Amino acid sequence: MNFFVFVVIGALLGALDGAGIFFAPDEPYKWQIFLAATLKGALVGLLTGFSLAPSSRWWTAIGAGALYGFAFALVVYLAKGGPQSGDAPYVIPSGIIFGALTGLFIIIWAFKRI
């Protein structure tokens, strides 16, 4: 188990998820949103990594990552106004997908099988 790898995987995938904000021409807080997405990804990576054991299966890792990704994305969705926000509904599916990918990459690279 490698805690640094948990954070790096989560942060990289969170940054990839947050990079889409640079394509929104009217958004004034691009860097703040990008950094928040990176931090969100790092936290999803930590939670997912702490929830898994070296003997965990890949589908368990994907499920745990998707669950934590959904939970964090739901927080962002509700903080941005929930159903009244025009762009916030896209946060939840991407949170689930990137959370699942985080879980998969953590089980592959952070838990070395010997």
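Coordinates for the structure precede this section.
The structure reproduced in this document is the subject of the present report. On a predicted model such as this, the values are computed, not experimentally measured, just so you know.

Focus: the packing of aromatic side chains
And step 1. Counting across every chain of the model gives nine aromatic pairs.
And step 2. Between Trp58 and Trp59, the ring centres sit 5.7 Å apart and the planes meet at 80 degrees, which makes this aromatic pair edge-to-face.
And step 3. For Trp59, a relative accessible area of 51% corresponds to the exposed category.
And step 4. Arranged with centres 5.1 Å apart and planes meeting at 25 degrees, the rings of Phe105 and Trp109 form a pair that is stacked.

Some words on the nonpolar core
One broad trend across soluble globular proteins is that nonpolar side chains are buried collectively.
And step 1. If you look at the biggest cluster of nonpolar residues, it comprises 12 residues: Val5, Phe6, Ile9, Leu13, Leu52, Ala61, Ala64, Phe98, Ile106, Ile107, Ala110 and Phe111.
And step 2. Elements with a minimum of two residues in this core: helix 1 (3-18), helix 3 (58-79) and helix 4 (91-109).
And step 3. When residues in this core are grouped by element, the largest group, four residues, is from helix 1.
And step 4. The residues contacting Ala110, other than those within four sequence positions of it, are Met1, Asn2, Val5, Phe6 and Phe105.

Topic: the environment of Val7
And step 1. Relative to the elements of secondary structure, Val7 occurs in helix 1.
And step 2. In the structure, Val7 is positioned 37 residues away from Val44 in sequence and 8.4 Å away in space, judged by C-alpha atoms.
And step 3. Sequence-distant contacts of Val7, that is, excluding residues within four places in its chain, are made with Ala42 and Leu46.

Regarding the side chain of Lys40
And step 1. By the element assignment, Lys40 lies in helix 2 (residues 30-51).
And step 2. Among residues more than four places away in sequence, those in contact with Lys40 are Asp17, Phe72, Val76 and Gly95.

Remarks on the pattern of salt bridges
And step 1. Applying the stated criterion to the full structure yields one salt bridge.
And step 2. The salt bridge partner of Asp17 is Lys40, with a shortest N-O separation of 3.7 Å. Placement of Asp17 in helix 1 and of Lys40 in helix 2 is noted, with a sequence separation of 23 residues between them.

Regarding the packing of helix 1 against helix 2
Two measures define how a pair of helices packs: the angle their axes make with one another and the distance between the axes.
And step 1. Viewed as axis vectors pointing N to C, helix 1 and helix 2 meet at an angle of 140 degrees, and their least axial separation amounts to 6 Å. Between helix 1 and helix 2 lies a crossing of right-handed hand. Judged by residue contacts, Phe3, Phe6, Val7, Gly10, Ala11, Gly14, Ala15, Asp17 and Gly18 of helix 1 engage Phe34, Ala37, Thr38, Lys40, Gly41, Ala42, Gly45, Leu46, Gly49 and Phe50 from helix 2.
And step 2. Of the residues in the contact of helix 1 with helix 2, the class split is 10 nonpolar, seven polar and two charged.

Quick notes on helix 3
And step 1. Compared with the 32 Å implied by 1.5 Å per residue over 22 residues, the 32 Å span of helix 3 between its first and last C-alpha is a close match.
And step 2. Along helix 3, the positions that sit buried rather than exposed are Ala61, Ala64, Gly65, Ala66, Gly69, Ala73 and Tyr77.
And step 3. Its buried side turned inward, helix 3 meets helix 2 and helix 4.
And step 4. In the stretch just after helix 3, Gly81 is the one whose phi turns positive, near 115 degrees.

Rules and cut-offs
- One numbering rule holds for all chains: residues counted from 1, following each sequence as written.
- For this predicted model, a pLDDT threshold of at least 70 governs which residues receive local features, and a threshold of 80 or more governs which side-chain atom pairs are given and counted, while totals over whole chains, interfaces and linings are taken from all residues.
- With hydrogens and water excluded, all non-hydrogen atoms of the structure serve as input to the side-chain values.
- For this analysis, a ring pair means two rings from Phe, Tyr or Trp (six-membered ring only for Trp) whose centres lie within 6.5 Å, classed as stacked if their planes differ by under 30 degrees, edge-to-face if by over 60, and tilted for the remaining angles.
- Three labels apply to residues, based on accessible area from a 1.4 Å probe with only protein chains included: buried if under 20% of the type maximum, exposed if over 50%, partly exposed otherwise in between.
- Think of a nonpolar core as a cluster: buried Ala, Val, Leu, Ile, Met, Phe, Trp, Tyr and Cys residues, connected wherever their side-chain atoms sit within 4.5 Å.
- Under the scheme used here, helices are H or I runs from DSSP no shorter than 4 residues and strands are E runs no shorter than 2 residues, and both carry numbers assigned from the N terminus.
- Contact between two residues is taken to exist if any of their heavy atoms lie within 4.5 Å; hydrogens are not considered.
- What counts as a salt bridge is simple: a side-chain nitrogen of Lys or Arg found within 4 Å of a carboxyl oxygen of Asp or Glu.
- Convention adopted: a line fitted to C-alpha atoms gives each axis, helices being fitted over their contacting stretch, and angles between N-to-C directions are expressed from 0 to 180 degrees.
- In this scheme the handedness of a crossing depends on how the near helix is turned from the far one: anticlockwise by less than a right angle means left-handed, clockwise means right-handed.
- Any residue outside Ala, Val, Leu, Ile, Met, Phe, Trp, Tyr, Cys, Pro, Asp, Glu, Lys and Arg is labelled polar, Gly included; the first ten of those are nonpolar and the last four are charged.
- Expected span of a helix: the number of residues minus one, times 1.5 Å.

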